[in-house]
Amino acid sequence: MMKKSISASKASLVLFLCQMISALDVPLDSKLLEELSQPPTITQQSPKDYIVDPRENIVIQCEAKGKPPPSFSWTRNGTHFDIDKDAQVTMKPNSGTLVINIMNGGKAEAYEGVYQCTARNERGAAISNNIVIRPSRSPLWTKEKLEPNQVREGDSLVLHCRPPVGLPPPIIFWMDNAFQRLPQSERVSQGLNGDLYFSNVQPEDTREDYICYARFNHTQTIQQKQPISVKVFSTKPVTERQPILLTPTGSTSTKVELRGNVLLLECIAAGLPTPVIRWIKEGGELPANRTFFENFKKTLKIIDVSEADSGNYKCIARNILGSAHHVISVTVKAAPYWITAPRNLVLSPGEDGTLICRANGNPKPNISWLANGVPIAIAPEDPSRKVDGDTIIFSHVQERSSAVYQCNASNEYGYLLANAFVNVLAEPPRILTPANKLYQVIADSPALLDCAYFGSPKPEIEWFKGVKGSILRGDEYVFHDNGTLEIPVAQKDSTGTYTCVARNELGKIQNEVRLEVKDPTMIIKQPEYKVIQRYGQVSFECIIKHDFTLLPTVIWLKDNDELPDDERFLVGKDNLTIMNVTDKDDGTYTCIVNTTLDSVSASAVLTVVAAPPTPAIIYARPNPPFDLELTGQLERSVELSWIPGDENNSPITNFVIEYEDGLHEPGVWHYQTEVPGTQTTVQLKLSPYVNYSFRVIAVNEIGRSQPSEPSEQYLTKSANPDENPSNVQGIGSEPDNLVITWESLKGFQSNGPGLQYKVSWRQKDVDDEWTSVIVANVSKYIVSGTPTFVPYEIKVQALNDLGYAPEPSEVIGHSGEDLPMVAPGNVQVHVINSTLAKVHWDPVPLKTVRGHLQGYKVYYWKVQSLSRRSRRHVEKKILTFRGNKTFGMLPGLEPYSSYKLNVRVVNGKGEGPASPDKVFKTPEGVPSSPSFLKITNPTLDSLTLEWGSPTHPNGVLTSYILKFQPINNTHELGPLVEIRIPANESSLILKNLNYSTRYKFYFNAQTSVGSGSQITEEAVTIMDEVQPLYPRIRNVTTAAAETYANISWEYEGPDHANFYVEYGVAGSKEDWKKEIVNGSRSFFVLKGLTPGTAYKVRVGAEGLSGFRSSEDVFETGPAMASRQVDIATQGWFIGLMCAVALLILILLIVCFIRRNKGGKYPVKEKEDAHADPEIQPMKEDDGTFGEYSDAEDHKPLKKGSRTPSDRTVKKEDSDDSLVDYGEGVNGQFNEDGSFIGQYSGKKEKEPAEGNESSEAPSPVNAMNSFV
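As the structure is a prediction and not an experimental result, all values here were calculated from the model.

Describing the state of the cysteines
Moving on, step 1. Evaluation of the coordinates by the stated rule reveals 6 disulfides.
Moving on, step 2. The partner cysteine of Cys161 in its disulfide is Cys212, sulfur to sulfur 2.0 Å. Taking the sign of the S-S torsion, about -65° here, the bridge from Cys161 to Cys212 comes out left-handed. Here Cys161, found in the loop between strand S13 (157-159) and strand S14 (171-175), pairs with Cys212, found in strand S17 (residues 207-216); they are 51 residues apart in sequence, far enough to count as distant. The residues Cys161 and Cys212 share a single accessibility class, namely buried.
Moving on, step 3. With a sulfur-sulfur separation of 1.9 Å, Cys542 is cross-linked through a disulfide to Cys591. When the S-S torsion is -65°, as for the bridge of Cys542 with Cys591, the disulfide is left-handed. Here the residue Cys542 occupies a position in the loop between strand S49 (538-541) and strand S50 (543-545), and Cys591 occupies one in strand S55 (residues 587-594), the gap between them amounting to 49 residues. Each member of the pair, Cys542 together with Cys591, is buried.

Some words on the pattern of salt bridges
Moving on, step 1. Summed over all chains, the structure comprises 35 salt bridges.
Moving on, step 2. Among the salt bridges present, the one from Asp309 reaches Arg290, with a minimum N-O distance of 3.0 Å. Placement of Asp309 in the loop between strand S26 (299-302) and strand S27 (311-319) and of Arg290 in the loop between strand S24 (276-281) and strand S25 (291-294) is noted, with a sequence separation of 19 residues between them. Neither Asp309 nor Arg290 differs from the other in exposure class; each is buried.
Moving on, step 3. For Asp818, the salt bridge is made with Arg850, and the minimal N-O distance between the two is 3.5 Å. Placement of Asp818 in the loop between strand S71 (811-814) and strand S72 (825-833) and of Arg850 in the loop between strand S73 (836-842) and strand S74 (853-865) is noted, with a sequence separation of 32 residues between them.
Moving on, step 4. The structure contains a network of salt bridges with shared partners spanning Arg152, Asp155 and Arg241.

Describing the sheet that holds strand S59 (residues 652-661)
Moving on, step 1. Taken in spatial order, the 4 strands make up an open sheet running S60-S59-S62-S63, and their pairing is antiparallel. Each edge of the open sheet carries a strand with a single partner, namely strand S60 (665-676) and strand S63 (714-715).
Moving on, step 2. Where S59 lies against S60, 8 bridges are found, and the strand directions are antiparallel. Bridging across to S60, Glu658 finds its partner in Tyr671.

Thoughts on the packing of aromatic side chains
Moving on, step 1. Tallying each qualifying case throughout the model produces 23 aromatic pairs.
Moving on, step 2. Here Trp841 and Tyr856 contribute two aromatic rings whose centre-to-centre distance is 5.4 Å and whose plane-to-plane angle is 50°, an arrangement assigned as tilted. You can see Trp841 sitting in strand S73 and its partner Tyr856 sitting in strand S74, a full 15 residues away along the chain. Note on accessibility: Trp841 and Tyr856 belong to one class, buried.

Examining unusual backbone geometry
Moving on, step 1. With omega at -5°, the peptide bond leading from Lys236 into Pro237 counts as cis.
Moving on, step 2. If you trace the backbone, Pro237 turns up in the loop between strand S19 (228-233) and strand S20 (241-247).
Moving on, step 3. The amide bond that connects Asn362 to the next residue, Pro363, takes the cis arrangement and shows omega of 5°.
Moving on, step 4. With respect to the helices and strands, Pro363 occurs in the loop between strand S31 (358-362) and strand S32 (366-371).
Moving on, step 5. In this structure, Phe296 takes a positive phi of about 60° despite not being glycine.
Moving on, step 6. For Phe296, the location among the structural elements is in the loop between S25 and S26.
Moving on, step 7. Phe296 sits in the partly exposed class, given a relative accessible area of 39%.

A look at the side chain of Thr247
Moving on, step 1. Counting through the fold element by element, Thr247 comes out in strand S20.
Moving on, step 2. Thr247 gets classed as buried once you look at its relative accessible area, which sits at 17%.
Moving on, step 3. If we skip the residues at most four places from it in the chain, Thr247 touches Tyr197, Glu266, Cys267 and Ile268.

Remarks on the nonpolar core
Moving on, step 1. Core analysis: the biggest nonpolar cluster contains 29 residues, and Ile58, Ile60, Trp74, Ile100 and Tyr115 have the highest contact counts within it.
Moving on, step 2. For this core, the secondary-structure elements that each account for two or more residues are strand S3 (58-60), strand S4 (62-67), strand S5 (71-76), strand S8 (98-100), strand S9 (113-121) and strand S11 (131-135).
Moving on, step 3. When residues in this core are grouped by element, the largest group, 3 residues, is from S9.

Details of the sheet that holds strand S77 (residues 897-907)
Moving on, step 1. Read across the open sheet, the 4 strands follow the order S75-S74-S77-S78; overall the sheet is antiparallel. Edge strands, defined here as strands with exactly one partner in the open sheet, are strand S75 (877-882) and strand S78 (918-921). Between one strand axis and the next, the sheet turns by 30° as a mean value, whatever way the strands run.

Quick notes on the pairing of strand S37 (residues 414-424)
The side chains of a regular strand alternate between the sheet's two faces.
Moving on, step 1. With 8 of 11 residues buried, S37 is to be regarded as a mostly interior element.
Moving on, step 2. Taken together, the 3 bridges between strand S29 (residues 345-347) and S37 define a ladder with parallel strand orientation. Within S37, the position partnered with Val346 by the bridge is Asn423.
Moving on, step 3. Bridge analysis of strand S36 (residues 403-411) against S37 gives 9 bridges, and the strand direction is antiparallel. Paired with Tyr405 across the strands is Ala420, a residue of S37.
Moving on, step 4. If you look at the hairpin formed by S36 and S37, you'll find 2 residues sitting between the two strands.

Calculation rules
- Residues numbered from 1 in each chain as written.
- Predicted model: local features only at pLDDT ≥ 70, side-chain atom pairs only at ≥ 80, totals over all residues.
- Heavy atoms only, no water.
- Disulfide = S-S within 2.5 Å.
- Helix = DSSP H or I, 4+ residues; strand = E, 2+ residues; numbered from the N terminus.
- Buried < 20%, exposed > 50% of the residue type's maximum accessible area, 1.4 Å probe, protein only.
- Salt bridge = Lys/Arg side-chain N within 4 Å of Asp/Glu carboxyl O.
- Pairing = 2+ DSSP bridges.
- Phe/Tyr/Trp six-rings, centres within 6.5 Å; stacked < 30°, edge-to-face > 60°.
- Contact = heavy atoms within 4.5 Å.
- Core = buried A, V, L, I, M, F, W, Y, C linked by side-chain atoms within 4.5 Å.
- Axes fitted to C-alpha atoms, helices over the stretch in contact; angles between N-to-C directions.

What follows is the structure, given as structure tokens:
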């Protein structure tokens, strides 16, 4: 009998779910969405983890749409955030976006916390994610004394960076004291931790300026470590060594990464010769299209990792003497991700529907529901709603069933929050697909003709072929629920016109579309499998046939990626040829043919060399535990024991125990506890009146086992309830009632049969007795006939067949609110400026509010513009002022305009009557920039200027101001000329200009208030005779030293050319070596040359095919004599130094005696001259270093205090920050960070009255381009 009952309930549930498939979807049609009432939808919000710049204002975004437009509120750390009480916090108009004013005295640290936005209108409330606000931090570098590194040639070396911990972590890079990036290679490279690794050191590694820099992007600051000195001494012969791993250490390590993230694995090895790194995945292949190698193959990068990427990754370092390897065991966990996110639901009155929320993750996420931002268990009851785990079922909905529901899926790695609304509407049919839309498909493929529609109740859709054709029926057509007509196999005779008709009980509408059927694209000769010997030639064919009206394109892929950029690959019209085949050409080659309607492909494998994969140990999830046994049964506890299953080569880490309540929730398993993998018994705490069954799940690094078989059942005895309902509230829904709600006890909390609730209430501050009623197991009771908005004392007590729970605590509630009775009086407007006004009003008496006073709303709208006297569509704006405020600011007004406003009081029920409309006008403002500025008709000495009036004059225009000045070939600006032009003019001819000269123009409009923003333009007067400019490089000169040479040249041609220098040994047949010149400099330094050697050199410009200078020959200086003698140990040098020290001491004594006799000693100047420079944070406006210092020894940098003339860093100076070069021309950087010095040009600035000056760009701006 029990089995029949269960089967019948399942069948009815399946039938019920099938009926709900007909729920409506609202198409994303802008016109339709504007007309329909709709609950709020969050459209934009700040990221969950939001790191902000502590020097800038904090903007927390929250935008939402809905009809009527939603209002916004915020919580901070779980409680209401009253922004009106904080003068530093404002909310943008018609938006929920918060702006926290940090730049006017606020501190970002005071606003750290978790923020959540709620958007609400009469149809529901949507909520944002929890937005965690944290200010970024860039701490100073800890000072340390660094000892010089003396290393034997061929040995390995690690230079540690150890940057300060910041938020977010800094970006690390290494440079020298000339701000040149240190070259990196297979031998020398930077690790993921920022350290600099040398697989083996060479004599050229000797230097004293290895400097580690840390860049903090959020605060735009760069800090540097003190220079590190490395000295390499030679021993002959140099001993070669087989590889050993510098990082990671040991033979194995582990790493955990989250699904969807980027996996970075690193191996750096020491050895001589320099080892080569290779990566493999044991028991599998590295994922194609997602695997990348960086840092000379020392870093393995896999993007968008998934659980399938878990496993063992081996890096192998090899040179001619041997190899070393390391295995990294990778485990991929997963934050929650959507399987089925809940979707908005639009229903007609009386219809059924479902919201489904399904998510996955590792571990499995928990699912919880909210209604209008409130946990659904304590939300107002809706008889049409039923919650079933990850599904909410709606039946026979009514208009009051409209609401916004939130689904939260969370585990230890994160959470997902989705809003989905239920909107109950009644609308006639509408067809949203454009009329006469053309569809084109390939023959023998499906044709899908859209008939996007909307209506409530859901319209019925019928299709006809032709204008007067009969209704389409039969197996040759498929009619989809969304109105789409599918022709599963379209033929040539399917071409024609089709008519869609939509009707429901409220109306009927139709629409026509056209269908054209094309011939398919085919590959009539496909590429074939080829086996080719190394260094041979191979060809793949791909011959196609297609519809004459379609234009095909053919592309070739190798292993599902683009062909290598190699001239050996020749792509013909219908073939691919590979010349001089190598091992790396092994793979799958695919020919893909695309048209606008179809795509076909064919593949063939090319085999050059194939090596069999090495088998690996198979790891798997554990087998489920078995033989579960219950012992020691007591009223509130029991002992559970079990036997573990096979662990399958991966040790069991823990056991998870779950329970089922067969009395209240049969078939539903709940988490009870978990124990370590070495434990096989556990003492479990129990609740009264629960029929327990238990099961055990084993967990290892691979995953979770299947659950064990359930244990025997154990029914605990009944008892009085231990607790009362929580979250008791009293809020009236009507002016004459009190709705008492509470969160019901869970099934196992009842402690016995017959769970009921005793609900008691009495009016507060009135000598009344308690009124009580006992209700069934529900969560709401309505008290009728109450006065409007009076306080009540309320309590709810649980009871069952065995007795009552302990005495409950009392809460205060209020009966229902009613709309306010009167409007605010004495409304006054004070216009502050052309865009801002202040409105005042008298507060209404509290007794007329008839509810909780929430604030006042000011409705205001623009009537007309006083400059154009043209009316426009009235768009009312609303500002809400929380609490009992009697004034408010109206920002964002348009200058020189007429406005109206009124004020209304607001309570929890709604708005009161409006005050009489108040008219006010804004004064004139400055105009916007002219709409355009065109310069035409250039002659030898004149130019014609034409312009358009400002789009927003913001008043009466009085004149136009034109300023102009010449620009010479070095971009220097000449004298500035200013002309005032009447406001009614729209063109001007400038005469008496210099011929063949570039001019820069600045143009703006004026009102009586002042000048508006300017528009700029440049133009050139013509020459007597136009001569083409042919690019050329001439006068290549060299200045050679022992191991380097300075190359300089002159260039004539187009601007912004990128140069390169090619050089080689004179008379040699070796290929030219090529060095790229950063930026457009006209000089370059060749380093690493051999002393006493003749070299040839030439200069070229990239982008200009075959364009180079003539060759020049130079010779480096001869090698100097050995400098190994230490001068500091020579006797004559020690004597000389002692004499100098004695002379200085005598001079100091004489100066001291003279100072004591009279005069002042400039102590302040001395202190300033020896100030210790510290880290300077970058200013946001120009990128230079500002002043950032400690109270003790962190002083602002002084110009010239950091780098001496020979551009080396003194060890005794502070080395914690970059040099502040100020305005000096020696402080510029090129795009790649190289130091330009005295060769740098000047930067153009905005014009000003009188003589103009220019300023060099800050070195920090250039440094920002390094990383």
